[in-house]
Amino acid sequence: MGRHWGEVDGEDHPHKEITQAIIGKAIEIQKALGHGLLEDPYKVCLAHSLRLAGHKVKREVFLDIEWRGLVVERAYRLDLLVDDLVVVEAKAVEKLMDAHFAQLNTQLRFSGMEVGLLLNFRQWPFKDGGIKRVIHPRA
């Protein structure tokens, strides 16, 4: 699997401080809980840990989409929205797939957010491909 549309590495990206805080807490949680749970415990613990650190965190944020005057309610669901700026999509899968990147890019597009993190808690250690940062330029 190569690079995906919007995937970025390096130090120059929007909301760097927030994404670094999220990644740090995710690593802390993965080390404490291990890498064999389903997604939900990781999401709940990550949201709690970020709130304790002073971040605003919303879980299970539903998005509506509109097409030609038709509103499709609750068409997408964001796992976490941190500080109303960063979308977090948590996974606990063997390996990240193209569909996971497409899902996050679509969530960014319809939410109007610019930055998303795709976190695969099953990947041990995280640094070996379990953390992907995606930037979706605002229209």
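So, how was this worked out
Residues numbered from 1 in each chain as written. Predicted model: local features only at pLDDT ≥ 70, side-chain atom pairs only at ≥ 80, totals over all residues. Heavy atoms only, no water. Axes fitted to C-alpha atoms, helices over the stretch in contact; angles between N-to-C directions. Helix = DSSP H or I, 4+ residues; strand = E, 2+ residues; numbered from the N terminus. Parallel < 35°, antiparallel > 145°, perpendicular 65-115°, else oblique. Left-handed = near helix turned anticlockwise from the far one by under 90°. Contact = heavy atoms within 4.5 Å. Nonpolar A, V, L, I, M, F, W, Y, C, P; charged D, E, K, R; others polar. Phe/Tyr/Trp six-rings, centres within 6.5 Å; stacked < 30°, edge-to-face > 60°. Lys NZ or Arg CZ within 6 Å of the ring centre and 35° of its normal. Core = buried A, V, L, I, M, F, W, Y, C linked by side-chain atoms within 4.5 Å. Buried < 20%, exposed > 50% of the residue type's maximum accessible area, 1.4 Å probe, protein only.

Draft legend 1. Spotlight on the packing of helix α1 (residues 16-33) against helix α2 (residues 39-52). Contact geometry of α1 with α2 gives a least axis separation of 10 Å together with a crossing angle of 130°. Regarding the angle of α1 to α2, the classification is oblique. Two packed elements cross with a definite hand, and for α1 against α2 that hand is right-handed. Contacts between α1 and α2 involve A21, I22, K25, A26, E28, I29 and L33 on the former and, on the latter, Y42, C45, L46, S49 and L50. Across the contact of α1 with α2, the residue classes break down as nine nonpolar, one polar and two charged.

Draft legend 2. The arrangement of the packing of aromatic side chains in detail. The tally for this structure, following the rule as stated, stands at three aromatic pairs. Aromatic pair Y76 and F110: ring centres 5.8 Å apart, planes at 20°, arrangement stacked. Placement of the pair is Y76 in strand β3 (residues 70-82) and F110 in helix α3 (residues 98-111), with a sequence separation of 34 residues. Chaining the aromatic ring pairs together yields one cluster made of Y42, F121 and F126. Just above the ring of F62 sits the side chain of R74; from NZ or CZ to the centre is 3.7 Å.

Draft legend 3. Fine view of the nonpolar core. Core analysis: the largest hydrophobic core is formed by 22 residues, its most contacted members being I22, L46, V86, V88, L119 and F121. Going through the elements one at a time, α1, α2, β3, β4 (86-91) and β5 (115-120) are the ones with two or more residues in this core. Top element by residues in this core is α1. It accounts for five residues. Setting aside residues no more than four positions away along its own chain, I22 makes contact with L46, L50, V82, V86, V88, L117 and L119. Core analysis: the next-biggest nonpolar cluster, separate from the first, contains twelve residues, V61, V87, F101 and V134 among them.

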